[in-house]
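# Per-entry structural report
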Amino acid sequence: MTSTSFSPPTCSGPRVAVIGAGRVGSTLAQRIAEKNIADVVLLDILAGMPQGIALDLMEARGVERHDRQITGTNDYKDTAGCDIVVITAGLPRKPGMSRDDLIKTNAKIVVEATKNAVANSPDAIFIVVTNPLDVMTFLAWQASGLPGRRVIGMAGVLDSARFQTFIAMELGLSVQDINALVLGDHGKLMVPVPRYCTVGGIPITDLMDAATIERLVERTRNGGTEIVELMQTGSAYFAPASSVALMVEAILLNQSRLVTAAAYLEGEYGLRDLFLGVPCRLGCRGVEKVLELPLTENEQTAFKASAESVRQNIDRAKELIASASES
Ligand code: TXD
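Remember, predicted model here, so these are calculated numbers, not experimental data.

Attention now goes to the overall build of the protein chain. Across its full length, the protein chain carries ten helices and 14 strands. For a compact globule of 327 residues, the expected C-alpha radius of gyration is about 20 Å, and the protein chain comes in at 20 Å, within 12% of that figure. Over its C-alpha atoms, taken along the principal directions, the protein chain stretches across nearly 75 × 55 × 40 Å. Counting every position in the protein chain, which comprises 327 residues, the buried fraction comes to 50%. Contacts in the protein chain between residues at least 24 apart in sequence constitute 69% of all its contacts with a sequence separation of at least 6. As displayed, the protein chain has an accessible area near 15500 Å², and 52% of this comes from carbon and sulfur atoms.

And the structure:
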């Protein structure tokens, strides 16, 4: 009789650890698996929760027709050897809160999560999602001990996607033909740049009047808050998860994509030693190059103000961490 049993596979494809299996984390796991990009290890502090979500996602595989492995765990050892670590652990905003109100709670969570994750996946590229994004990316970088270009914050892809959506809705055109650019921090000082936004290659400044563009810019700046106020029970997660999946795919498939992300600046735009949303080439080495765009005086002023507010929040976070470790 011929044998009908197989031994378990001994090799695995790329693996992504997602720290925090909440709304963004679990939706991201679904996107990564269903797009067939990588296996996913979901980790959370809540006992049983990531295991349950992973099992649910595994049970969808027969219908979705993919073979990616999704596992859930509360133990960082199970994340060993991942190619990418995504940090989504932390609290989301409640109505009336700004992203900066989350600094104290999330700083502690992000630093601890990063230290544990990097100890198990020292060769990984880190993508930070937790808010306030630009500050948490800085803290994760510091805690990781990794080179700056291997730690990246996700915000620009999402903010640009929101701007694209509003432009498409206003013009009654497919979002597929629209490219938008949003620089700076992931907060109220973010800098959408209409001059560099195009529809089928045509700058939007040729298609809409200044007042309309300003209205869409304001809606983009307020994009996250608009959703928090509507939901009342958490913050956006579908578009954020899609945005992280795009970055994961760009890195694992070495796509050399030009996206906006919070990158470590080493003199670009006259700034250093902070993370801020800039256009960069994303590939297998993480941020492979930061593109320095010519900016008008007004754009430069807005970009500098955004950088200044991130700098102040980093200092605030450092003080909070120092006083917490003293007490
Ligand atoms: O553009 C962006 N960067 C963002 C950022 C877009 C959307 C959401 N953004 C932020 O991501 C949001 O403000 C939060 O700070 C994070 C996660 O948002 P999410 O909506 O996923 O929050 P949830 O559903 O509350 O999930 C957070 C999970 C939850 O399951 C906790 O149990 C877990 O994080 N958590 C932890 N996991 C591991 N380790 C520790 N210490 C920990 N603490 C909480």
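Continuing now.
Let's shift gears to the nonpolar core. In terms of nonpolar packing, the biggest core is built from 89 residues, with Ile19, Val86, Phe126, Ile127 and Val248 touching the most fellow members. Broken down by element, the residue count for this core peaks at eight residues, all from helix H5 (residues 133–144). Two domains share this core, each providing at least three of its residues, namely domain 1 (15–155) and domain 2 (156–315). Those residues in contact with isoleucine 19 that lie beyond four places of it in its chain are Leu43, Tyr76, Thr79, Val85, Val86, Ile87, Thr88, Ala89 and Ala113. Counting 15 residues, the second largest nonpolar core, distinct from the first, contains Val199, Met208, Leu216 and Val217.

The next point concerns the site of the ligand. In the vicinity of the ligand, 25 residues are found, and the nearest of them are Arg23, Val24, Asp44, Leu91 and Met154. The side chain of histidine 186 places a nitrogen or oxygen atom 3.0 Å from an oxygen atom of the ligand. Taking 860 Å² as the accessible area of the ligand by itself, protein coverage stands at 90%. Those elements giving two or more residues to the shell around the ligand turn out to be helix H1 (23–34) and helix H4 (103–120). Sorting elements by how many residues they give to the shell around the ligand places H4 first, with three residues.

Turning to unusual backbone geometry, a few remarks are in order. Following asparagine 131, the chain continues to proline 132 via a peptide bond in cis, the omega torsion being -10°. Mapped onto the secondary structure, proline 132 falls in the loop between strand S5 (125–128) and H5. One non-glycine residue, asparagine 36, adopts positive backbone phi at about 65°. Within the secondary structure layout, asparagine 36 lies in the loop between H1 and strand S2 (39–43).

According to the domain assignment, the protein chain contains domain 1 (15–155) and domain 2 (156–315). For domain 1 and domain 2, the distance between their C-alpha centroids amounts to 21 Å. Tallying the contact residues gives 39 residues for domain 1 and 52 residues for domain 2. Counting each side, the surface lost to burial between domain 1 and domain 2 is near 3800 Å², with a carbon and sulfur contribution of 66%. Inspection of the region where domain 1 meets domain 2 yields three salt bridges. As a salt-bridge pair, glutamate 266 and arginine 149 come within 3.1 Å of each other at their nearest N and O atoms. Taken together, the links from domain 1 to domain 2 amount to 15 residue pairs in polar contact (both at pLDDT 80 or more). Among the elements of the structure, H1, strand S4 (84–87), S5, H5 and strand S6 (151–153) are those that each provide at least two residues to the side of domain 1 that touches domain 2. Here the residues of the side of domain 1 that touches domain 2 are counted per class, giving 22 nonpolar, six polar and eleven charged.

Here we take up the sheet that holds strand S10 (residues 198–199). What the three strands build is an open sheet, ordered S7-S10-S11; its pairing is antiparallel. If you trace the sheet from one side to the other, it starts and ends with strand S7 (178–179) and strand S11 (202–203), each paired once. Pairing between S7 and S10: two bridges, direction antiparallel. Counted as the bridge partner of isoleucine 178 is valine 199 from S10.

Moving on: the environment of aspartate 56. Tracing the sequence through the fold places aspartate 56 in helix H2 (residues 49–59). Along the sequence, aspartate 56 and alanine 262 sit 206 residues apart, while their C-alpha atoms lie 32 Å from each other.

What follows covers the pattern of salt bridges. Under the definition given, this model contains nine salt bridges. In this structure, arginine 68 and aspartate 39 form a salt bridge, with 3.2 Å as the shortest nitrogen-oxygen distance. Of this pair, arginine 68 sits in the loop between helix H3 (61–64) and strand S3 (70–73) while aspartate 39 sits in strand S2, and the two are 29 residues apart along the sequence. An identical accessibility class is assigned to arginine 68 and aspartate 39; each is buried. The salt bridge involving glutamate 299 is made with arginine 195; its shortest N-O contact spans 2.7 Å. On the criterion of sequence distance, the pair formed by glutamate 299 in helix H10 (residues 297–326) and arginine 195 in the loop between strand S9 (191–192) and S10 is long-range, its members being 104 residues apart. Here glutamate 299 falls in the buried class, since its relative accessible area comes to 13%. In the salt-bridge network here, residues are joined through shared partners; they are Arg149, Glu266 and Glu268.

Rules and cut-offs
- Residues numbered from 1 in each chain as written.
- Predicted model: local features only at pLDDT ≥ 70, side-chain atom pairs only at ≥ 80, totals over all residues.
- Heavy atoms only, no water.
- Helix = DSSP H or I, 4+ residues; strand = E, 2+ residues; numbered from the N terminus.
- Rg over C-alpha atoms; globule rule 2.2 N^0.38 Å.
- Buried < 20%, exposed > 50% of the residue type's maximum accessible area, 1.4 Å probe, protein only.
- Contact = heavy atoms within 4.5 Å.
- Areas by Shrake-Rupley, 256 points an atom, 1.4 Å probe, with all protein chains shown as cover.
- Core = buried A, V, L, I, M, F, W, Y, C linked by side-chain atoms within 4.5 Å.
- Domains from an automatic or database assignment.
- Near = heavy atom within 4 Å.
- Polar contact = N/O pair within 3.5 Å; in protein donor to acceptor, adjacent residues only side chain to side chain.
- Buried area = accessible area lost by both parts, 1.4 Å probe.
- Salt bridge = Lys/Arg side-chain N within 4 Å of Asp/Glu carboxyl O.
- Nonpolar A, V, L, I, M, F, W, Y, C, P; charged D, E, K, R; others polar.
- Pairing = 2+ DSSP bridges.

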